[in-house]
Amino acid sequence: MADCCLPEAKAGGETLTSRCFAGMLETAVPVRVGNAVIAYLRTGQQIPNAPTEAKFAQLEKWLREKGREKEIPQIKKAFLALKPADGERYESNVRLVEFFADQLAAHANRLLLEQHRPEPAPVRKAKRFVAENLGDRIALEDVAKHSGVSTFYFCKVFKASTGMCFTEYVNRVRVEKAKALLNHPEHRITEVAYAVGFQSLSQFNRSFQKYAGESPTEFRRRIRGEEAVAA
């Protein structure tokens, strides 16, 4: 019944659930890297209530309009054999897909920060410096000096090598570290913000929203829900 599947997911990155005329539900969950949506994961079509002869009548009418009368017996048999997914079960399926979408997004973010081709020495030194001093204030001039080059040259070579400016790189690394800390409920959000080197809670919230696509509170709430479903 692919002809009555979920329409293409709309721009904006929200989770989209659609019901086709045959009564089948399908949800598309975005995979985000920051505020950008790079893909959608779909639950596959599921029927929320037990299929009946009466419900198939509407689908049969559509099949006849499409000139697919010969397929009706086979499709009817498959339709009536469908196992319904009630509201709670369907919601659990969506949450599992959201969990996998989050894992894919986290992996994509890590790939963005990693570098698999040889890097210039100043870039390698800078990344090591950031990793070792993440919780402290990191000044561009200090990192350039540590790398043994001028600030101008450092900015140029870092952007050419990583595809992002140094400040963006530092904030992305801090947000990824913050995600790991937010998985532990004993850490307060304010504590996490300062632990990864942000100078204020507002700065932390803005950067987290920009690179994670949601607020720290939303992230923590969602992760806890996904862990519960996975368990």
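This structure is a prediction, so every number in the text was calculated from the model and none was measured.

1. Quick notes on the environment of glutamate 218
Reasoning step 1: Mapped onto the elements of the fold, glutamate 218 is located in helix α10 (residues 216-230).
Reasoning step 2: A relative accessible area of 38% places glutamate 218 in the partly exposed class.
Reasoning step 3: A polar atom in the side chain of glutamate 218 sits 2.9 Å from the backbone nitrogen of serine 215.

2. Considerations on the side chain of glutamate 119
Reasoning step 1: For glutamate 119, the location among the structural elements is in the loop between α3 (87-113) and α4 (121-132).
Reasoning step 2: Side-chain polar atoms of glutamate 119 contact the side chain of lysine 127, separated by 2.7 Å.

3. Some remarks on the packing of helix α1 (residues 53-65) against helix α2 (residues 72-80)
Reasoning step 1: Remark: α1 packs on α2, axes separated minimally by 11 Å, with the N-to-C direction vectors making an angle of 145 degrees. Both α1 and α2 take part in a crossing whose hand is right-handed. Residues Glu53, Lys55, Phe56, Leu59, Glu60, Leu63 and Arg64 of α1 lie in contact with α2, whose contacting residues are Ile72, Ile75, Lys76, Phe79 and Leu80.
Reasoning step 2: Among the residues making up the contact of α1 with α2, the classes are represented as seven nonpolar, no polar and five charged.

4. Looking at the packing of helix α5 (residues 140-147) against helix α6 (residues 151-162)
Reasoning step 1: Direction vectors running N to C along α5 and α6 enclose 85 degrees, while the axes themselves pass 9 Å from each other. Comparing the axis directions of α5 and α6 gives the class roughly perpendicular. When α5 is examined against α6, the residues Leu140, Glu141, Val143, Ala144 and Ser147 are found in contact with a partner set consisting of Thr151, Phe154 and Cys155.
Reasoning step 2: Within the contact of α5 with α6, the residues separate by chemical class into five nonpolar, two polar and one charged.

5. So, the nonpolar core
Reasoning step 1: Among the nonpolar cores identified, the biggest contains 16 residues, and Val130, Ile138, Val143, Phe154, Phe158, Phe166 and Tyr169 are the most heavily contacted of them.
Reasoning step 2: Those elements giving two or more residues to this core turn out to be α4, α5, α6 and α7 (166-182).
Reasoning step 3: Here phenylalanine 166 is in contact with Ala126, Val130, Ile138, Leu140, Val143, Phe154 and Phe158, once residues within four sequence places are set aside.

6. What about the sheet that holds strand β2 (residues 25-33)?
Reasoning step 1: Reading across from one edge, β1-β2-β3 is the order of the three strands in this open sheet, with antiparallel pairing throughout. Edge strands, defined here as strands with exactly one partner in the open sheet, are β1 (16-19) and β3 (36-42). The average undirected angle you get between the axes of adjacent strands in this sheet is 25 degrees.
Reasoning step 2: Direction of pairing for β1 relative to β2: antiparallel, over a ladder of four bridges. Each residue of the ladder has a partner; that of threonine 17, found in β2, is threonine 27.

7. Brief notes about the side chain of lysine 179
Reasoning step 1: The residue lysine 179 is located in helix α7 in this model.
Reasoning step 2: Within the local environment of lysine 179, its side chain forms a polar contact with the side chain of glutamate 176, the two groups lying 3.2 Å apart.

Conventions we followed
Residues numbered from 1 in each chain as written. Predicted model: local features only at pLDDT ≥ 70, side-chain atom pairs only at ≥ 80, totals over all residues. Heavy atoms only, no water. Helix = DSSP H or I, 4+ residues; strand = E, 2+ residues; numbered from the N terminus. Buried < 20%, exposed > 50% of the residue type's maximum accessible area, 1.4 Å probe, protein only. Polar contact = N/O pair within 3.5 Å; in protein donor to acceptor, adjacent residues only side chain to side chain. Axes fitted to C-alpha atoms, helices over the stretch in contact; angles between N-to-C directions. Left-handed = near helix turned anticlockwise from the far one by under 90°. Contact = heavy atoms within 4.5 Å. Nonpolar A, V, L, I, M, F, W, Y, C, P; charged D, E, K, R; others polar. Parallel < 35°, antiparallel > 145°, perpendicular 65-115°, else oblique. Core = buried A, V, L, I, M, F, W, Y, C linked by side-chain atoms within 4.5 Å. Pairing = 2+ DSSP bridges.

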